[in-house]
Amino acid sequence: MTITPALPSDFLFGFATAAAQIEGGGAEAERKSGRGDSIWDEFCDTPGKIRDGTHVKRTCNHLELYKEDIALMRSLGANAYRFSLSWPRIVPMGGKGDPINQKGIDFYNNVIDECLKVGLVPFVTLYHWDLPLELFKRYGGWLNKARIVEDYTNYAKTCFELFGDRVKHWLTFNEPWCTAVLGHGIGQFAPGHVSNTEPWIVGQNLMIAHASAAKLYMREYKAHQGGMIGITLNGDWTDPYDESPENIEAAQRKMDFAVGWFADVIYLGRYPQSMVDILGDRLPKFTQEELGLLKDSSEFYGCNTYTTNTIRATRTTDEFAGYTKMAFDKPDGTEIGVKSQLGWLRDVPWGFRRLLNYLYQRYKRPIYMTENGWAIKGESSLSRAEALIMITDDEGRVQFYDGYTQALKEAVQIDGVDVRSYFGWSFLDNFEWASGLGPRFGSVYVDYETFERIPKDSATTLMQFFKDNIASK
Ligand code: PNW
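Cut-offs used in this document
- Residues numbered from 1 in each chain as written.
- Predicted model: local features only at pLDDT ≥ 70, side-chain atom pairs only at ≥ 80, totals over all residues.
- UniProt positions renumbered as here; feature names shortened; annotations may be inferred.
- Helix = DSSP H or I, 4+ residues; strand = E, 2+ residues; numbered from the N terminus.
- Buried ≥ 20, exposed ≤ 12 C-beta atoms within 10 Å, placed from the backbone.
- Contact = placed C-beta atoms within 7 Å.
- Pairing = 2+ DSSP bridges.
- Axes fitted to C-alpha atoms, helices over the stretch in contact; angles between N-to-C directions.
- Parallel < 35°, antiparallel > 145°, perpendicular 65-115°, else oblique.
- Left-handed = near helix turned anticlockwise from the far one by under 90°.
- Near = placed C-beta within 6 Å.
- Nonpolar A, V, L, I, M, F, W, Y, C, P; charged D, E, K, R; others polar.
- Core = buried A, V, L, I, M, F, W, Y, C linked by C-beta atoms within 7 Å.
- Expected span 1.5 Å × (residues − 1).

Within an unreviewed UniProt entry, the label attached to the protein chain reads beta-glucosidase, and the organism entered is Kwoniella bestiolae CBS 10118. Listed under Catalytic activity (unreviewed entry) in UniProt, the entry text for the protein chain is "Hydrolysis of terminal, non-reducing beta-D-glucosyl residues with release of beta-D-glucose." The annotation that UniProt attaches to the protein chain under Sequence similarities (unreviewed entry) is "Belongs to the glycosyl hydrolase 1 family."

So, in structure tokens, the structure goes:
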């Protein structure tokens, strides 16, 4: 009997990163690089916002070490690399008509060329949260629909023109939910606003900016550049706490607020009814013209997912979760997955398989898995010496990836879900936003004193899974 390989020969696999999380090599180097400040620079300057007081200006020094990083990725066996472009590195003040920074353009040209030289497909995110600070100061950033849509579209156009001859996979946005809710709802992320009206406005403006840039690409670049464009959304499986109708409904409502908010609009042309019912007039309506722009604006479903929650109808104050109760426990008192370094993250591979099925059935688009990963509990508090021992055996992460890749394989092979990529989050230990350099998500250890990189076990085992499961050409 011949066993058919689970994944198609053109499946893309490797690791994902984001500019603000890995590029910085220190304040002086960042100043010399010509990058403008982003809202995250200001957020890091504000005492109390970053748990360990670390700063986006000094993270992994990828700015200088990109060649070594790309070579390492390739040597581990990856065939693609997902990274983001820093808008303020390319256009320091951000706006249409503001000057561009040649050093920034040179840097990304080098990264892209290096990828192609070693044999990695560049998979590029245009916006991974580092809004040029100047645009926030000028007009409130994502709160100002007319201005931000124009400036973002112009920035995207600049990127298509500069890099589109070599980049064939574009993502307009990484996780708009996080910008809207964490940035403008609960204030945990830059710009740190707390509001129950702003997130819905920001969410709409992000969607329109996405559609505006994507349609521009489809109209003016796609035919001759031959690439594709879409958006990537975060969303975790919501499992009803038990079989009661209320909890089943609550689980769907939580999914609506996390995923449907964006995906129903982009792929199905309307907000989920549960959001309309709960938010009323606070949920800004789209004009017919905007809905037309949004229709078919994403050529695939970009998926970032990490975990699963059990959901109860028990009313909470958490409007962003549709007033549901999110947890990890089951009626029999057990919990659904082992703990990580972060409270929101548990290891639940079966939830991943269910999520893939749900997304494929509901949105009927090929799925590109753009992030999935694990921060081992306690890994960040190890000394360098202890970490060096653990590196050869980052057991928890190996286990996480084993479970999730197995679930992926089942979703593709048994359930028939069309998945076309998988990027582990993350390549390097890096700046985990408000948690600073604490949580380590990397499959490659980073010594933050020396910037030394040392691959952990999971780097090899994760890439090996794909080598073993992809059909040869
Ligand atoms: C994603 N949550 O963010 C981002 O795309 C990455 O930049 C980030 O480093 C990674 O996941 C790990 O956190 C998330 O609170 C941030 O549920 C927060 C949440 C989920 C994803």
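Having seen the structure, we can now continue with the description.
Draft legend 1. Looking closely at the overall build of the protein chain. Scanning the protein chain from N- to C-terminus turns up 18 helices and 13 strands. Expressed as a percentage of its 473 residues, the buried residues of the protein chain come to 53%. At a minimum sequence separation of 6, the contacts of the protein chain that also span at least 24 residues come to 77%.

Draft legend 2. Examining the sheet that holds strand β10 (residues 367-371) more closely. Pairing is parallel around the closed barrel formed by 8 strands, whose spatial order is β1-β2-β3-β4-β5-β7-β10-β11. On average, each strand axis in the sheet is tilted by 25° relative to the strand beside it, whichever way the strands run. Pairing of strand β1 (residues 12-16) with strand β2 (residues 80-84) involves 3 bridges; the strand directions are parallel. The residue of β2 that forms the bridge with A16 is R82.

Draft legend 3. Fine view of the packing of helix α17 (residues 395-413) against helix α18 (residues 457-469). Relative orientation of the contacting elements α17 and α18 amounts to 20°, with a least axis distance of 9 Å. Between α17 and α18, the angle falls in the class roughly parallel. By crossing handedness, the relation of α17 to α18 is classed as right-handed. Note on element contacts: α18 touches α17 through D457, S458, T461, L462, F465 and N469, opposite R397, V398, Y401, T405 and K409.

Draft legend 4. Structural view of the site of the ligand. Around the ligand, a shell composed of A18, Q21, N174, E175, C178, N234, N304, W344, E371, W425, E432 and F441 is seen. Considered class by class, the residues forming the shell around the ligand number 5 nonpolar, 4 polar and 3 charged.

Draft legend 5. The sheet that holds strand β6 (residues 237-240), seen in detail. Read from one edge of the open sheet, 3 strands run β6-β8-β9, paired in mixed fashion. The sheet terminates laterally at β6 and β9 (325-327), the two strands that pair on one side only. Averaged over all adjacent pairs, the angle separating strand axes in this sheet is 40°, with direction ignored. Across the sheet, helix α12 (residues 245-268) is in contact with β6, β8 (308-312) and β9; its angle to β6 comes to roughly 170°. Where helix α15 (residues 349-363) meets the sheet, it contacts β6 and β8, and its direction lies at approximately 105° from that of β6.

Draft legend 6. Focus on the nonpolar core. If you look at the biggest cluster of nonpolar residues, it comprises 141 residues, and the most contacted ones within it are Y81, F262, L356 and I367. With near-sequence residues (within four places) excluded, Y81 lies in contact with G14, F15, I70, M73, C115, L120, P122 and F123.

Draft legend 7. Unusual backbone geometry, seen in detail. Going from A190 to P191, the amide bond is cis rather than trans, its omega being 5°. Turning to its location among the elements, P191 is positioned in the loop between α9 (176-184) and α10 (198-220). Although it is not a glycine, D296 sits at a positive phi angle of roughly 55°. By the secondary structure assignment, D296 is in the loop between α14 (288-294) and β7 (301-304). Even without being glycine, K364 reaches a positive phi, approximately 55°.

Draft legend 8. Quick look at α17. Relative to the 27 Å expected for 19 residues at 1.5 Å per residue, α17 spans 26 Å between its end C-alpha atoms, a close match to the ideal helical length. Regarding α17, the residues found buried are G396, R397, V398, F400, Y401, Y404, T405, A407, L408, A411 and V412. Buried residues belonging to α17 abut α15, β11 (419-425) and α18.

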